[in-house]
Amino acid sequence: LDAAMHVSVKAAKRLYGQQAEESIDAEMQQLLDNDTWTPRHPHSLTTEERAGVIRSHMFIKEKVDADTGVLERIKSRLVAGGNQQDRSLYDDLSAPTASTTSVMTFMALAAHERRLLMTLDIKGAFLHADLKHTGVKLLMRLDREMTAVVVRLLPEMAEFVDERGCLVVHLDKALYGLVEAAILWYKDLRATLEGHGFAPNPADPCVFNRPGADGLQCTVLMHVDDLGVSCRATHGFGWLVGPPRW
């Protein structure tokens, strides 16, 4: 097991130097690779749009071993200021998570049937969910430090930098921190699993089952961006073979 401690960007750079900078670069590159946003030219923004721009913040997490206290890695994540969003624009923002009973039942069934187990940590999970389905337009500001990173990674973004050295972007993907991110990600993952022949369990919408041709059931347990998968035979994991979906 490991523990996590958050530090500021300034503190991370002071403590870990290039390692922290590489972590930040990796996070920003992931966002660019996933087409997370579309830049807006500062002169194209209306007064109303300017008033509705939400903030963003880079969180730096120190992942340390819980037993030894030794630093394992530095993880960076850009988070949108969802606290500034107007929740009245959305009908439903609740996203299901697996219940404790479901988790215990999943493990008990796997042990009883001597199933094979696999865990999956989906990288950049929320970024796979598209915001266009909500019909809500979201604008977000990158501060000067993060804007400088983006421009270094993608020089053509320089033309969109405003007089304060910041970027305002139109969000296209469900960035972490947005109030609708979790439910959009759940819907995206559910559609993907159903496309592979899985059906949600009536008792818990975060548990999915698929019977195999040999009658052996494969079960997927979802908890945000972590998945537990169990099946009695290795071919039950065949749906995971091939180009990764996540």
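Residues numbered from 1 in each chain as written. Predicted model: local features only at pLDDT ≥ 70, side-chain atom pairs only at ≥ 80, totals over all residues. Heavy atoms only, no water.

### Focus: the overall build of the protein chain
Line of reasoning, step 1. Counting its secondary structure elements, the protein chain contains six helices and 11 strands.
Line of reasoning, step 2. Per-residue burial for the protein chain yields a buried fraction of 43% across its 246 residues.
Line of reasoning, step 3. A fraction of 70% describes how many contacts in the protein chain between residues 6 or more apart in sequence connect residues 24 or more apart.
Line of reasoning, step 4. Put simply, the protein chain shows about 13,600 Å² of open surface, and 53% of that area lies on carbon and sulfur atoms.
Line of reasoning, step 5. Of the charged side chains in the protein chain, 27 are positive and 33 negative; the average position of the first set lies 1 Å away from that of the second. (Helix = DSSP H or I, 4+ residues; strand = E, 2+ residues; numbered from the N terminus. Buried < 20%, exposed > 50% of the residue type's maximum accessible area, 1.4 Å probe, protein only. Contact = heavy atoms within 4.5 Å. Areas by Shrake-Rupley, 256 points an atom, 1.4 Å probe, with all protein chains shown as cover. Lys, Arg positive; Asp, Glu negative; His and termini not counted. Charge placed at Lys NZ, Arg CZ, Asp CG, Glu CD.)

### Concerning helix α1 (residues 9–16)
Because an α-helix packs 3.6 residues into every turn, residues spaced three or four apart end up facing the same way.
Line of reasoning, step 1. Three or more residues of α1 are buried, namely Val9, Ala11 and Ala12. The arc enclosing the buried residues of α1, seen along the axis, measures out at 160°, which places them on a common side. The outward face of α1, more than 90 degrees from its buried face, is lined by the exposed residues Lys10 and Arg14.
Line of reasoning, step 2. After α1 finishes, the residue Gly17 shows a positive phi value of roughly 50°. (Arc of directions from axis to C-beta.)

### Points about the packing of aromatic side chains
Line of reasoning, step 1. Applying the stated rule across the entire model yields one aromatic pair.
Line of reasoning, step 2. Of note, Arg77 hangs over the ring of Tyr176, and the distance from its end group to the ring centre comes to 3.8 Å. (Phe/Tyr/Trp six-rings, centres within 6.5 Å; stacked < 30°, edge-to-face > 60°. Lys NZ or Arg CZ within 6 Å of the ring centre and 35° of its normal.)

### Some points on the nonpolar core
Across soluble globular proteins, nonpolar side chains have a tendency to be buried as a group.
Line of reasoning, step 1. Residues Met28, Trp37, Leu78, Met140, Leu171, Leu175 and Leu178 are the most contacted members of the largest nonpolar core, which totals 61 residues.
Line of reasoning, step 2. The biggest single contributor to this core is helix α6 (residues 181–195), with seven residues.
Line of reasoning, step 3. Once you skip the residues sitting within four places of it in the chain, Leu78 turns out to touch Glu27, Met28, Leu31, Trp37, Ser56, His57, Met58, Met140, Leu142, Met146, Leu175 and Tyr176. (Core = buried A, V, L, I, M, F, W, Y, C linked by side-chain atoms within 4.5 Å.)

### Quick word on helix α4 (residues 100–112)
Line of reasoning, step 1. In this model α4 runs 18 Å from its N-terminal to its C-terminal C-alpha over 13 residues, within 8% of the 18 Å that 1.5 Å per residue would give.
Line of reasoning, step 2. Looking only at α4, the buried set comprises Ser102, Phe106 and Ala110. An end-on view of α4 places all buried positions within 70° of arc, on one side of the element. Those residues of α4 that are exposed and angled more than 90 degrees off the buried face are Thr100, Thr101, Ala111 and His112.
Line of reasoning, step 3. In this structure, the buried side of α4 is in contact with β5 (116–121), β9 (204–211), β10 (217–223) and β11 (226–231).
Line of reasoning, step 4. One or two residues past the end of α4 sits Arg114, with phi positive at roughly 50°. (Expected span 1.5 Å × (residues − 1).)

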